[in-house]
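Fold and contact review
Spelled out from the first residue to the last, the chains are:
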Amino acid sequence: MFRLDARSGAALALASALALTAALGASCAGAPPAQRGTPACPPLCPQQTPPPPAAPPGPVVPGTPGEAPVFDPERLTLVLDDPRLAPVQKLVGQEAYGSAVAALVQALSAPLSPEDAAAFRYQLGRLRALAGDPLGAAKEYDAAAAAGGPLADYARFAAADLLARAGQPDAALERARAVASDVAIADDLDRVVAGALAEKGDIGGASARWQAYLARSWPASTWVPEALRFARALLRHPGQERAEEAIRLARRILDQAPGGAGAGEAKEILDQALSTLPFARRKPFLDPGPADLLARARALLTSRQDKEALAVTDALIALPEAQAPSAFACDAFAARGEALGRLRRRAEAADIYGTAIERCGPAAPAAAGASAPAVAAGAGAPAVAAGAGAPAPRRPETLYNAARASFRVDRHAESAARFALLEKEYPDHRLADDARYLGARALLALGDQAQFVQRLTAMPDDYPSGDMVADGLFELALFEMERDSWAGAVRPLELGLARFPHERAYHAAGRFPYYLARAHIETGSPDKGKALLEQVIRDYPLSFYMALSHARLADVDPAAAQRALSAALERDASAPYTELRSAQFAHPAFTRAVELARQGEAKLARLELDALGVGSRTAPREVMWASAFLLARAGALPQSYSILRTAMAAPAAGDSRVELAGEWVDHYPVGRWRSAWELAYPRPFAAVVAAETKRSAIPEGLAYAIMREESAFDPRVASHAQAYGLMQLIVPTAKRMAKPLGLPSSVEALKRPEVNVALGCRYLSVLRGQFSDNPLLAIPAYNAGGGAPKRWIAERPSQSFDLWVERIPYEETRLYTKRVLASFAVYEHLYTGDQPSEALRTPLPASPAARSAVANAAP
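The rules we used
- All residue numbers here refer to positions counted from 1 along the written sequence of the relevant chain.
- Local features are withheld for residues below a pLDDT of 70 in this predicted model, meaning they are given only at 70 or higher, and side-chain atom pairs are given and counted only at 80 or more; totals for whole chains, interfaces and linings count all residues.
- Hydrogens and water molecules were not included; the side-chain quantities draw on all heavy atoms of the structure.
- Pairing between two strands is assigned when DSSP locates at least 2 bridges connecting them.
- Going along the chain from the N terminus, every DSSP run of H or I of four or more residues is numbered as a helix, and every run of E of two or more is numbered as a strand.
- In this description, a disulfide is simply a cysteine sulfur pair whose atoms lie within 2.5 Å.
- Here, nonpolar core means buried Ala, Val, Leu, Ile, Met, Phe, Trp, Tyr and Cys residues that are tied together by side-chain atoms lying within 4.5 Å of each other.
- Any residue under 20% of the maximum accessible area for its type is buried, any over 50% is exposed, and the rest in between are partly exposed; the area is computed with a 1.4 Å probe on protein chains only.
- Note on contacts: a residue pair qualifies if any of its non-hydrogen atoms lie within 4.5 Å across the two residues.
- Helix span is expected to be 1.5 Å times the residue number reduced by one.
- Think of it as the arc spanned by the lines of direction from the helix axis to the C-beta atoms.

So, on to the sheet that holds strand 1 (residues 60-61). What the three strands build is an open sheet, ordered 1-2-3; its pairing is antiparallel. The outermost strands of the open sheet, each flanked by one partner alone, are strand 1 and strand 3 (580-581).

With that settled, consider the state of the cysteines. Within the structure shown, the criterion is met by one disulfide. Each disulfide pairs two cysteine sulfurs, and for Cys 330 the partner residue is Cys 360, the sulfurs being separated by 1.9 Å. When the S-S torsion is 50°, as for the bridge of Cys 330 with Cys 360, the disulfide is right-handed. Taken together, the positions of Cys 330 in helix 16 (residues 327-342) and Cys 360 in helix 17 (residues 346-360) put the pair 30 residues apart, joining distant regions of the chain.

Let us now look at the nonpolar core. In terms of nonpolar packing, the biggest core is built from 246 residues, with Tyr 154, Met 481, Leu 493, Trp 664 and Tyr 782 touching the most fellow members. When near neighbours in sequence (up to four residues on either side) are disregarded, Tyr 782 contacts Ile 706, Glu 710, Met 727, Leu 729, Gly 760, Tyr 763, Leu 764, Leu 767 and Tyr 816. Counting 17 residues, the second largest nonpolar core, distinct from the first, contains Val 88, Val 92, Ala 107 and Leu 112.

Now for helix 27 (residues 558-573). The end-to-end C-alpha separation of helix 27 is 23 Å, in line with the 22 Å expected for 16 residues at 1.5 Å each. Three or more residues of helix 27 are buried, namely Ala 560, Ala 561, Ala 564, Leu 565, Ala 568 and Asp 572. All buried residues of helix 27 project into a common sector of 130° when viewed along the axis, lining one side. Exposed and facing more than 90 degrees away from the buried side of helix 27 are Pro 558, Arg 563 and Glu 570. Buried-residue contacts for helix 27 involve helix 25 (526-539) and helix 26 (544-556).

A separate point is unusual backbone geometry. Despite not being glycine, Glu 95 shows a phi value in the positive range, around 60°. Within the secondary structure, Glu 95 sits in the loop between helix 2 (86-93) and helix 3 (97-108). Look at Ala 712: it is not a glycine, yet its phi comes out positive at around 55°. Mapped onto the secondary structure, Ala 712 falls in the loop between helix 35 (700-711) and helix 36 (731-741).

If you want it as structure tokens, here you go:
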């Protein structure tokens, strides 16, 4: 059975360091062994040791005639895992790259098969580059290219890149010209060639290559440095057209780079380029037109530069073009509303959205519906004079965002009116059923229970294909359950279960049968209720509602809970597991991806996999699974996890994207299914996590569950909220946790796993101590702060844990709690299954202590 290695921090840090050797990760290849003849030898001369056999075949097993090949992850081995390279692997883990080079050179002196010699030399090239020897690395790449094989073009590319950076443009261009056009890295050649041409003084040729490169989609960490490099090269060759191009590049960086990356240097380039232009050519850049200003505001919002976006909208809404209804005016005020909302100026956002609705103009007569729900007119549904202008294309989205903005500041009458207007004007729009659902909630907040019930009850008939119908029925059931009307909850729960018999979304999987079970128990049908709880345990392995079902059933019948779980495990242990078989495993791109993964080049492997449709989710599901296994084995856990996470959601009708959830989440992690769960729930930095969870006295599975949700195991990730590292700590929290441990708490320190995990585990321990009667409340506290769950417990002291979670007022925290608790259950089952599970023993009350206090205070 394929098992993911529990990689140490050093090993994964190695994978990251190797992948960052060049802009997308330097590739190095092996060289052909020296040609060995077979000279005559006297009988008594020492006998040459024959070369050992080649390494075992790779993970792709050819099929029989007429059958596609099979991918077997158990057969995948990394180059550095070769026992003959054990000293090299150890030195690399210590980041002693110079010594690792010497050890690998020694290994290459032994008799090797041609395949092993090529693979070892490939790795030697990478290590020379890491050791600061670019020209030596380029030589290894040249030898690798001469050896041929799947990675020959990657070797040529890497040599070209290193030589260009080392100031040898002619040699770089020679190698770049030899790279085939069908390899995924070919798109990156424009960057290398542009740099080499610029070094030679050919700014015209370099400009064409840089423009082609920047026209493609690249991560900001890649395109921003190249755009700056291009702009600097332009300014070294004076000319008005070049200065204007430099201005456009600087402006793009300032507007589009996430979080303002590269902004300081871009501003310097902008000022320098502007100073070289005469006034007539400078003026358009200093005084952009309305369309350019609007585009800039949108770009700033997309790049999360909200303050800068708001400043641009100051000028936008003051323009004459924004003073009367039009598509431009609608978008200008909507952009301002979005910026204000993001900056938490929510009341202002709701106000400005009202103006945006006016500026959007009236709905087109053909779009208006006659069956709009009756809602009292209120602020936010302003009349617009007939003939004021054609409706803006984004009017429905503006109505929806306006209504949500009002909802967030408890202006529920205004919110309900805006949602109702959207339903009335655009009954067939994709947001119409969302408006029904949220509008009903606004009405309930106003105290209009009758309208709330009426709207949601009619929702399945009014929106038969709406994607919010399930949530509408569930909201109706929650309304009844919260007021202890369990009989009233039965009907919407039964309708929901009949219409959505097996939901898979993590926050919903099993909710209808779970609460229907509770309703039956509460209304005097315990046997029907227990049967449904057993069904959830069987059919929704280790989900949030499975954990709740197990806890509730174990409370009344422990033996039944154990039988249901044991039966499900026995069933899935013998369930057939479809092998990964696809014709695409014979595709050259997949072959290159395998070889790149073996060398530790996970980022480059992902490029080849994306060429097969992995990134777009159009590859066969067998290839999607194989890609996740491949990247995980190469140490690229974030990339592996991202494949599984993005492919979990079921595509909409007519969408050809692949969905993987049904392939494994319907089966418990036993038998051959276990490897899929281990892939989705890995344990990176195992030694660090084990030590720190023990020191902080928290469950190891909880730390991994938090880490999985917070960072997807990327130790250097930073959020827009300035949280850093594996467990996403902000600096103030980190400082409080670091002081008693004697650890650093700087931003860079938080990107080190050994620091981040230690501080994150301590913070979890502190939070768990604040909720000793139900330590699971530390989960929402980790997301929303320790004071939030205390406040919610004070508001609802007697509520059961399940309903308490459903009514967490922050959507992000509510969903976070469900995800993390489910992940906690998985980690416990996978790796500590011989110990009692905390996740499967959730307390029935949210706070047993608070409920007891209420009961004791009752007369």
